[in-house]
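# Coordinate inspection notes
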Amino acid sequence: MTQPLLRHAGINLGGTEQHPNANAESGIFGFWMFLMSDAIIFALLFAVYGTAVAATAGGPTPASEFKLGSAFAETLLLLTSSLTMGLAVLAMKYDAARRPVFAWMGITFILGVAFLAMEMHDFSTMFSDGAYPTRSAFLSAFFALVPLHGLHVLAGCIWMLVMGGQVLAYGFDTRVKINILRLSLFWHFLDVIWIAILTVVYLQGHVL
């Protein structure tokens, strides 16, 4: 008796059975645990930032350094990239053709790179104003929190390139589908963290 092909919630792994694939379940659950551990790290950095935001040591302040226009533009880029990443996953599920998946993931990659370019410009502007990480506790906490999110975005962009190579090499087999689903979860997680950064760091800092 052959073992039936199963499916995972959200992405068909083949077949039409109603029970989730056990391997997919364990893999996705493990990745959720990783995201939760990452969320704890960010929560700790948010707590540190909250205690240090007023400790400017007579140097640059949040209101003088944060540019809301740039922050909102970066937010728009990330939120749009979350949409295009979701469309890439849907294209994989319902079409399973390389071209639409590559197209949506390529747009997501471009938006991620644009976000990083804008963020690096913001950091360089802060440096030119003398807002270095060692200048005050506020700046130390800021540069511990916000660039860490940027590094995650960079990792996500590199991951997209890796997944493109995997699709070219293996097609949309079960492992590739699960890996793309993990990438999608990771990317949406970065959006959630950025919304918290926008609220706690940029919006709150603009009124301090």
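The structure we're discussing is the one just above.
Since the model is a prediction, treat every value here as computed from it, not as a measurement.

### Let's talk about the packing of helix H3 (residues 68–94) against helix H6 (residues 174–206)
Where H3 contacts H6, the two axes come as close as 10 Å, and the packing angle between them is 165 degrees. Accordingly, the angle class assigned to the pair H3 and H6 is roughly antiparallel. The interaxial crossing formed by H3 with H6 has left-handed handedness. Residue classes in the contact of H3 with H6 are distributed as 17 nonpolar, 7 polar and 3 charged.

### Thoughts on a nonpolar patch on the surface
Judged by side-chain polarity, Leu151, Leu154, Ile158 and Val162 come together as a nonpolar surface patch covering roughly 350 Å² of accessible area. Residue class for leucine 154 comes out partly exposed when judged on its relative accessible area of 40%.

### Some words on the side chain of serine 184
Within the fold, serine 184 resides in helix H6. Owing to a relative accessible area of 5%, serine 184 belongs among the buried residues under this scheme.

### A look at empty space enclosed by the protein
Overall, the coordinates contain 1 cavity of 30 Å³ or more when judged by the stated rule. Counted as a void, the largest cavity has a volume near 70 Å³. In this structure, the largest cavity is lined by Glu65, Phe66, Lys67, Ser70, Asp122, Thr125, Met126, Asp129 and Tyr202. Top contributing element to the lining of the largest cavity by residue count: helix H4 (residues 98–128), with 3 residues. Classifying every residue of the lining of the largest cavity by side-chain character gives 3 nonpolar, 2 polar and 4 charged.

Scoring rules and cut-offs
Residues numbered from 1 in each chain as written. Predicted model: local features only at pLDDT ≥ 70, side-chain atom pairs only at ≥ 80, totals over all residues. Heavy atoms only, no water. Axes fitted to C-alpha atoms, helices over the stretch in contact; angles between N-to-C directions. Helix = DSSP H or I, 4+ residues; strand = E, 2+ residues; numbered from the N terminus. Parallel < 35°, antiparallel > 145°, perpendicular 65-115°, else oblique. Left-handed = near helix turned anticlockwise from the far one by under 90°. Nonpolar A, V, L, I, M, F, W, Y, C, P; charged D, E, K, R; others polar. Patch = residues over 30% accessible without salt bridge, like charges linked within 9 Å, V, L, I, M, F, W, Y side chains within 5 Å. Areas by Shrake-Rupley, 256 points an atom, 1.4 Å probe, with all protein chains shown as cover. Salt bridge = Lys/Arg side-chain N within 4 Å of Asp/Glu carboxyl O. Buried < 20%, exposed > 50% of the residue type's maximum accessible area, 1.4 Å probe, protein only. 1 Å grid on protein atoms, 1.4 Å probe; cavity = no way out; pocket = protein on both sides within 12 Å on 5 of 7 lines; lining within 4 Å. Points joined across faces, edges and corners; volume = space filled by probe spheres on them.

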